[in-house]
Amino acid sequence: MAISSPTVPQLQINPVAKPGFYEKLNSRWHERALQVFMLIVLGHWGEHLFQAYQIYVMQWPRAKALGMLGLFYPWLVRTESLHYGYALIMLVGIWTLRKGFTGTSYKWWTVALVIQFWHHIEHALLLSQVIFRHNLFHSPVPVSILQLVIPRVELHLFYNAVVFIPMVIGMYYHLFPPLGEKECATCTCIWRSNPASECAA
């Protein structure tokens with residue numbers, strides 16, 4: 001009597017893809033990445049505030065009030081490429097770290113991204129005038145759109161404030177998610193667990 005053996009089905013097991021750099025940056029590395037990014041942001045804020053202090057408290061001429069960095073490298077601070085470079089770093093940083101935010105924090109972080117995009121456009125206009133050696137609106141110096149009505153120092157204080165405020169609000173809701181949030185945090189940034197914020201199984 002012949003004995004037939006049943007056919008064993010071939011199982012195809014797909015290997016689990018390892019998270020890439022971008023996924024790690026918005027999960028296990030998100031907290032550290034945000035800390036480094038905020039140090040850069042606060043350092044830039046310090047430069048602008050010190051420049052305002054030089055103008056309004058120390059009564060320095062605006063041409064010589066170049067912030068802390070300008071005390072040692074005045075030529076560097078006067079270059080539009082430095083300012084554009086920082087605006088670009090801000091834009092890329094906000095965009096890159098946005099995926100790690102969820103719910104309310106994600107909305108506020110996106111507000112900061114949209115405003116910073118326009119801020120970046122303004123700096124791109126300034127840099128392009130230097131590159132092409134042609135200033136807009138017959139201005140003797142490179143000028144941005146809103147700089148036509150607001151002086152440069154005050155304008156960029158305003159820009160940095162309106163970008164920074166939604167960033168701080170977004171960070172707050174990222175660290176302390178409100179009740180009723182259905183989204184789950186994918187990083188370790190949260191400072192307290194919130195049972196109502198956990199995803200349903």
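Each remark here, short or long, concerns the structure printed above.
Reading the values: the criteria
Residues numbered from 1 in each chain as written. Predicted model: local features only at pLDDT ≥ 70, side-chain atom pairs only at ≥ 80, totals over all residues. Heavy atoms only, no water. 1 Å grid on protein atoms, 1.4 Å probe; cavity = no way out; pocket = protein on both sides within 12 Å on 5 of 7 lines; lining within 4 Å. Points joined across faces, edges and corners; volume = space filled by probe spheres on them. Helix = DSSP H or I, 4+ residues; strand = E, 2+ residues; numbered from the N terminus. Nonpolar A, V, L, I, M, F, W, Y, C, P; charged D, E, K, R; others polar. Patch = residues over 30% accessible without salt bridge, like charges linked within 9 Å, V, L, I, M, F, W, Y side chains within 5 Å. Areas by Shrake-Rupley, 256 points an atom, 1.4 Å probe, with all protein chains shown as cover. Salt bridge = Lys/Arg side-chain N within 4 Å of Asp/Glu carboxyl O. Buried < 20%, exposed > 50% of the residue type's maximum accessible area, 1.4 Å probe, protein only.

Q: Got a minute to help me understand the layout of surface pockets in this structure?
A: Picture a little ball the size of a water molecule; that probe, rolled over the atoms, points out where space is still empty. Its boundaries defined by the atoms lining it, the largest pocket holds a volume of some 830 Å³. Contributing to the lining of the largest pocket are 28 residues, with Gln51, Leu66, Val77, His83 and Arg152 lying nearest its centre. Looking at the lining of the largest pocket, the elements that each hand over two or more residues are helix 2 (30–56), helix 3 (67–72), helix 5 (80–97) and helix 7 (152–175). Of the residues assigned to the lining of the largest pocket, the class counts are 13 nonpolar, 10 polar and five charged.

Q: Help me understand a nonpolar patch on the surface, please; the structure alone is not making it clear to me.
A: Nonpolar side chains collect at one region of the surface, where Met68, Leu69, Leu71, Phe72, Tyr73, Trp75 and Leu82 lie side by side and expose about 720 Å² of accessible area between them. Here the nonpolar patch takes four residues from helix 3, the largest share from any one element. Take phenylalanine 72: it is sitting in helix 3. The exposure class assigned to phenylalanine 72 is exposed, which follows from its relative accessible area of 60%.

Q: How should the pattern of salt bridges be read in this particular structure?
A: Any two side chains of opposite charge can pair, on the condition that their charged atoms come close. Inspection of the entire model under this criterion finds two salt bridges. A salt bridge links glutamate 154 to arginine 62; its shortest N-O distance comes to 2.6 Å. One end of the pair, glutamate 154, is in helix 7; the other, arginine 62, is in the loop between helix 2 and helix 3, with 92 residues separating them in the sequence. Looking at arginine 62, the relative accessible area reads 40%, which means it is partly exposed. Notably, a salt bridge pairs arginine 152 with glutamate 80, separated by 2.7 Å at the nearest N-O pair. Taken together, the residues span a long stretch of sequence, with arginine 152 in helix 7 and glutamate 80 in helix 5 at a distance of 72 residues. By relative accessible area, arginine 152 is classed as partly exposed at 24%. Taking relative accessible area as the criterion, glutamate 80 reaches 10% and is therefore assigned buried.

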